Amino acid sequence: MNGTRAAGRAARVTRVAVPVGFLALFFAWPLAAIFGRSLRANALTDVLTDPVFRRVAWFTLWQAVVSTILTVVVGLPAAYVVARFEFPGRRLFRAFVTVPFVLPTVVVSTAFLALLRPGGPLAFLHWQRGVAPLLIAHVFFNVAVVVRTVGGFWANLDPRREEAARMLGASRLRAFRSVTLPLLAPSIIAAGSIVFLFTFTSFGVALLLSDPAHATLEVEIYRQAVNLFDLRTAAALALVQIVAVLAVVFALARAQERRAVAQRLVGGAESARRPRGRERVVVGGVLGATIVFLGGPLAVLVWRSLHVGGNWSLGSFRALGSSASATTLFVSPWAAVRNSIEFAIIATLIALVVGGLASVAIASRPGRSTRSLDAFLMLPLGTSAVTVGFGFLLAFRHLPFGFERSPLLVPIAHAVVAIPFVVRAVVPALRSIDPRLRDAATMLGASPARVWREVDLPITARAFAVAAGFCAAVSLGEFGATLFIARPDWPTVPIAIQRFLSRPGQVNVNQSLAMSVILMLLTVVVVLAIERVRVRDLGEL
Amino acid sequence: MLQVERAVVRYGEHRALDGVDLALEAGETIAVLGPSGSGKTTLLRVVAGLQQLDAGRVCWAGGDLARVAAHERHFGLMFQEYALFPHRDVAGNVEFGLRMTTSDRAARARRVDEVLDLVGLGGFQSRRVASLSGGEQQRVALARALAVSPRLLMFDEPLGALDRVWRQRLLTEIRSILDRAALPALYVTHDHDEAFAVANRVAIMRAGRVVQLGEPANVWRAPVDAWTATFLGFGPVVAAEVRDEIVDTPWGALQSSNRLGPGPVDAIIRPDGARIDHSGPIEATIVRTTFTGTRVELAAVSGTGPALTVVVVPRDAPATGDRVRLSIDPDALLVYPRQAD
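Residues numbered from 1 in each chain as written. Chains lettered and ligands numbered in written order. Predicted model: local features only at pLDDT ≥ 70, side-chain atom pairs only at ≥ 80, totals over all residues. Heavy atoms only, no water.

Colleague: What am I meant to see in the domain arrangement of chain B here?
Modeller: Often, the extent of an interface is quoted as the loss of accessible area on bringing the components together. Residues and elements named next belong to chain B. Once the domains are mapped, chain B shows domain 1 (2–228) and domain 2 (232–337). In this structure, domain 1 and domain 2 have C-alpha centres spaced 37 Å apart. Contacts between the two partners involve twelve residues from domain 1, matched on the other side by nine residues from domain 2. Buried surface at the junction of domain 1 and domain 2, both sides included, amounts to about 920 Å², of which 63% is carbon and sulfur. It is Trp-220, Arg-221 and Ala-226 that lose the most area in domain 1 upon contact with domain 2, and together they represent 57% of the buried surface on that side. Between domain 1 and domain 2 we count one salt bridge in total. For the salt bridge of Asp-331 with Arg-221, the shortest nitrogen-to-oxygen distance reads 3.0 Å. Counting residues per element, the ones that place at least two in the side of domain 1 that touches domain 2 are helix H6 (192–198), helix H7 (216–221) and helix H8 (226–231). (Domains from an automatic or database assignment. Contact = heavy atoms within 4.5 Å. Buried area = accessible area lost by both parts, 1.4 Å probe. Salt bridge = Lys/Arg side-chain N within 4 Å of Asp/Glu carboxyl O. Helix = DSSP H or I, 4+ residues; strand = E, 2+ residues; numbered from the N terminus.)

Have a look at this one:
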């Protein structure tokens, strides 16, 4: 048994050492590199006293607050309809609302450009780049958070409370304001917090849809580091960004803790019913408006990608193989597609192995040490992708064996971003396994490795599948970190789209459209695969 | 066959097992009986190899098992609340252990059919375990443990979650399967009826130690101490005094065949020890009658003592308020040295 015991100890050490080592190397070290840079030669004080920085910081905060308010206002009617009414295709509608949320930022940006650029249906607004497209794109992205979080909560509120208020003489609006809204407040705040965090750290749409005069912190970090090559200032900005995000995350966690008690008081009852009379108009109107708002830009994207010079044509897609596009990219656009798929597979494998090992360690031994491991693994969640990418740039400039030039750094960065999702998905599944099942398998003659394969793995397979889909979607769409570390001759699809967008000329626009459609299809396929797993096993989304 | 010698398991300061000795003979069933927290499940896990010993040893046929991992011991264990694999159907559960040893699908299927027939679940092969009743799930668990023909079968409160009718039926079936297979077994329970019904010998555990080991009838007739007697559901413990051949109890001076030197003692009357006897020495008033079907339990008050329990057949039951005379079987008046509080 000593052999078995030694093997067991080795396994326990491995499942802590691998994730900790991986994140120390590929997360903590890059972050430390940023810290080191930003503390050099008064970089921090220079930045903090710079009026440009103040303008950027103020705009970042301002656009995040406005985006959040707009998203809640736009999302609430849809949340209400989904929560309270039964209508044909309700589940499909809920899935549809989620689509923008998982779409890559470059795809959404291209879609809005297709809408607003000359030739687009909304070109008359003359909004090509600037604050308005940025805010609208933020709403487009994050409506799903409000509909799902608030809608899910709303569906569990007993409608009789509101009816009771109506019986006591309150008008419909009054009943909503004095009864329903206070009960919904915690979920609205929860959803709003997430939206705020996303929009505060927004990079892709801010870079591609806003104008240079309205840069967010993320965009400014990128501009300083890559365009101006002022690493000192970029590092100082990144440090400010990290501190701000951590402060926000901490404050939100505290606020949620305080509200958790109130949430538990609400009883659950499925309360959806078919709309009657005038309600049909309201429900139809909300559904129609939401579908047009979310589906419109994507439809325009597809339409324009298939429409060259006023005719239906596959020309944009065919041009992807032409030599002209290869010079823009250094490689063929199809190579970018291949890179994206390969990187997604590698990133998913790394994230599943590292996150899976960490999950086993966290789930197997509750205690202080595993709680701190858990917290450590969640840190990338509170760090923006641009920070990760910039950290890579600073930390991995000189590595042994020329590893700094390895294209593998891209999927590794993607894995860093995706690991927290794996842990969040797998740990609860592992914890849900009755430990006696493992004992039972052992008593029936299964070795520890066989127990893992026969009990833990099949029971958590679903969670792993969902995590894998998530990792793949994250990797396919990842833009902020990739922009810093992708080698020019190894672009991913989002990088290729960005390059096409940054070149003048209709040919480049067409190619960005075609590439965006391809990326959208790839992502939708992956996400549909996840949703299938979920729907089949859980019945409800 | 199985020997447990001076087994010790510590959880920090607490000793879950505090020097347990136990020997199981071939074909024998020992019931390990004790309240929760007495260490009986820990003992089972130690024998299974799921729990490491801090001291002592566990041997099988003379060989120390310290170097044999749990999955190599070929012991079967049936868990409280079954622990069936939710991701496999009935046949998949029963087949599980067989898959560890043989790749012959046809042989495995035959064995699955065989044990399912044995536990009365023929035809249940492709049922989902979640669709089964508690009793059926427990039979699947039994079939799963039996399928691999273990050298020793262990039960951890196997009937705990079942209702009365199922308990009775399964208890009889487990007993007959163990007898037929001449399989040695350890049966952990907190229910003395269950322990007495299933076991050749009963080991009573308290605070990590085996305090008494014997055949059910002997354990019942003479519990080793007042605590054990109380645990087995015997009447209240009263302070008494031994004088000459007589025990002075709050119910009067009584004969006891359980000899102890003169002095203060704790006395307990076994539930089957008091009976209505017109020439009995105790005069008592019936204060309560409880009808349980095949018998009636009377609570009879006499002197300064707590109520005595008298079990009679319903036909002979007096009514509440009746005055009766009782005698106590000298063998059923148990006396123990006075416990210092």
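Colleague: What exactly am I supposed to notice about the packing of aromatic side chains here?
Modeller: Each pair of aromatic rings is reported with the distance of its centres and the angle of its planes. In this structure the tally under the stated criterion is 25 aromatic pairs over all chains. Taken together, the ring pairs in this structure connect Phe-22, Phe-26, Trp-29, Phe-392 and Phe-396 of chain A into an aromatic cluster. The ring centre of Phe-85 of chain B lies 4.8 Å from the NZ or CZ of Arg-144 of chain B, which sits over that ring. The aromatic ring of Trp-166 of chain B is capped on one face by Arg-169 of chain B, whose charged end is 4.7 Å from the ring centroid. (Phe/Tyr/Trp six-rings, centres within 6.5 Å; stacked < 30°, edge-to-face > 60°. Lys NZ or Arg CZ within 6 Å of the ring centre and 35° of its normal.)

Colleague: Explain the interface of chain A and chain B here, please?
Modeller: With 20 residues of chain A at the contact, the number on the chain B side is 29 residues. Overall, the association of chain A and chain B removes approximately 2,200 Å² of surface from exposure, summing both partners, and the carbon and sulfur fraction of that is 63%. Run the count over chain A and chain B and you get four salt bridges. At the boundary of chain A and chain B, one finds five residue pairs in polar contact (both at pLDDT 80 or more). Elements that contribute at least two residues to the side of chain A that touches chain B include exactly helix H1 (2–38), helix H19 (435–443) and helix H20 (448–477) of chain A. Class assignment of the residues belonging to the side of chain A that touches chain B gives a composition of eleven nonpolar, four polar and five charged. (Polar contact = N/O pair within 3.5 Å; in protein donor to acceptor, adjacent residues only side chain to side chain. Nonpolar A, V, L, I, M, F, W, Y, C, P; charged D, E, K, R; others polar.)

Colleague: I'm lost on the side chain of Arg-304 of chain A in this one. Help?
Modeller: Looking at the secondary structure, you find Arg-304 of chain A in helix H12 (residues 278–305). The contacts of Arg-304 of chain A, once residues within four sequence positions are left out, are Leu-113, Ala-114, Arg-117, Pro-118, Gly-119, Gly-120 and Leu-513 of chain A.

Colleague: Even after reading the chapter, I still don't get the pairing of strand S3 (residues 29–33) of chain B, so can you show me in this structure?
Modeller: Within a regular beta strand, the side chains point alternately toward one face of the sheet and then the other, so they alternate between its two faces. All names here are of chain B. Burial runs high along S3: five of the five residues are buried. Side chains Thr-29, Ala-31 and Leu-33 project from S3 onto one buried face, and the interleaved Ile-30 and Val-32 project onto a second face that is buried too. Taken together, the five bridges between S3 and strand S8 (residues 185–189) define a ladder with parallel strand orientation. When the bridges of S8 are listed, Ala-31 appears paired with Tyr-187. (Buried < 20%, exposed > 50% of the residue type's maximum accessible area, 1.4 Å probe, protein only. Pairing = 2+ DSSP bridges.)

Colleague: Explain the sheet that holds strand S12 (residues 246–249) of chain B here, please?
Modeller: All names here are of chain B. Pairing is antiparallel in the open sheet, where five strands are placed in the order S13-S12-S11-S14-S20. Strands with a single pairing partner mark the edges of an open sheet, and in this sheet they are strand S13 (252–255) and strand S20 (333–337). Averaged over all adjacent pairs, the angle separating strand axes in this sheet is 40°, with direction ignored. In the sheet, S12 pairs with S13 via four bridges, with the strands oriented antiparallel. Bridging from a neighbouring strand, Asp-248 pairs with Ala-253 of S13. (Axes fitted to C-alpha atoms, helices over the stretch in contact; angles between N-to-C directions.)

Colleague: Which parts of the structure should I look at to understand helix H3 (residues 51–84) of chain A?
Modeller: The periodicity of an α-helix, 3.6 residues per turn, causes residues three or four positions apart to be oriented the same way. All names here are of chain A. In this model H3 runs 49 Å from its N-terminal to its C-terminal C-alpha over 34 residues, within 8% of the 50 Å that 1.5 Å per residue would give. Along H3, the sharpest kink reaches roughly 30°, centred on Gly-75 and followed within four residues by the proline Pro-77. Of the residues flanking the start of H3, the one acting as N-cap is Asp-50, its side-chain oxygen 3.0 Å from the backbone nitrogen of Val-52. (Expected span 1.5 Å × (residues − 1). Bend = angle between axes of the 7 residues up to and from the residue.)

Colleague: Would you explain the nonpolar core in this entry?
Modeller: Considering soluble globular proteins, one finds that nonpolar side chains tend to be buried as a cluster. Ranked by size, the top nonpolar core spans 179 residues in total, and within it Phe-22 and Phe-390 of chain A together with Met-154 and Leu-186 of chain B carry the most contacts. The greatest single-element share of this core, amounting to 14 residues, is contributed by helix H18 (residues 409–431) of chain A. Beyond its immediate chain neighbours, meaning those up to four positions away, Phe-22 of chain A contacts Phe-27, Ile-350, Val-354, Ile-412, Ala-415, Val-416 and Ile-419 of chain A. (Core = buried A, V, L, I, M, F, W, Y, C linked by side-chain atoms within 4.5 Å.)

Colleague: How should I be thinking about a nonpolar patch on the surface in this particular structure?
Modeller: Taken together, the side chains of Trp-58, Leu-61, Trp-62, Val-65, Ile-69 and Val-73 of chain A present a nonpolar region at the surface, about 580 Å² in accessible area. Of the residues examined, Val-65 of chain A reaches a relative accessible area of 36% and is grouped as partly exposed. (Patch = residues over 30% accessible without salt bridge, like charges linked within 9 Å, V, L, I, M, F, W, Y side chains within 5 Å. Areas by Shrake-Rupley, 256 points an atom, 1.4 Å probe, with all protein chains shown as cover.)

Colleague: It is not clear to me how the environment of Gly-120 of chain B should be interpreted in this structure. Could you clarify?
Modeller: Residues and elements named next belong to chain B. By the secondary structure assignment, Gly-120 is in the loop between helix H3 (105–118) and helix H4 (134–147). The exposure class assigned to Gly-120 is partly exposed, which follows from its relative accessible area of 48%. Remark: the alpha-carbon pair of Gly-120 and Arg-139, spanning 19 residues in sequence, is separated by 7.9 Å.

Colleague: Would you mind showing me how to read the pairing of strand S11 (residues 238–243) of chain B here?
Modeller: Residue and element names in this part refer to chain B. A one-sided burial pattern is seen for S11, the buried positions being Val-238, Ala-240 and Val-242 and the unburied ones Ala-239, Glu-241 and Arg-243. Of the pairings in the sheet, the one linking S11 to strand S14 (residues 263–269) comprises five bridges and is antiparallel in character. Bridged to Glu-241 within S14 is Pro-264. As paired elements, S11 and S12 share three bridges and run antiparallel to each other. Within S12, the residue paired with Arg-243 across the bridge is Ile-246. Hairpin connection between S11 and S12: a loop of two residues separates the two successive antiparallel strands, and Asp-244 in this loop has a positive phi of roughly 50°.

Colleague: Would you mind going over the confidence of the model for chain A with me for this structure?
Modeller: A low pLDDT score tells you not to read the predicted coordinates there in detail. All names here are of chain A. Looking at chain A, pLDDT values average 81 and 90% of them are 70 or higher. Looking over chain A, one finds the lowest element-wise mean pLDDT in helix H14 (residues 323–329), namely 62, and the highest in H19, namely 92. Long-range and interchain partners of residues 260–269, a stretch whose pLDDT sits below 50, account for 16 contacts in this model, where long-range means more than four residues apart. Note that pLDDT drops below 50 for residues 535–541; the model gives that stretch 13 contacts with residues more than four away or on any other chain. (pLDDT = per-residue confidence, 0-100.)

Colleague: What's the story with the pattern of salt bridges in this structure? I'm lost.
Modeller: Should their charged atoms come close, side chains of opposite charge can pair. In the structure shown here, the tally under the stated rule is 30 salt bridges over all chains. Measuring nitrogen to oxygen at the nearest pair gives 3.1 Å for the salt bridge that ties Glu-86 of chain A to Arg-90 of chain A. On the basis of relative accessible area, Glu-86 of chain A is assigned to the partly exposed category, the value being 32%. Its salt-bridge partner being Arg-323 of chain B, residue Glu-283 of chain B comes within 3.0 Å of it at the nearest N-O pair. With Glu-283 of chain B in strand S16 (residues 282–291) and Arg-323 of chain B in strand S19 (residues 323–328), this pair connects stretches of sequence that are 40 residues apart.

Colleague: Would you explain the environment of Met-515 of chain A in this entry?
Modeller: Residue and element names in this part refer to chain A. As for its position among the elements, Met-515 is in helix H23 (residues 506–538). C-alpha separation for the pair Met-515 and Ala-429, spaced 86 residues apart in sequence, amounts to 37 Å. Filtering out sequence-adjacent residues up to four positions away, Met-515 remains in contact with Leu-320, Pro-333, Ala-336, Val-337, Val-493, Ala-496, Ile-497 and Phe-500.

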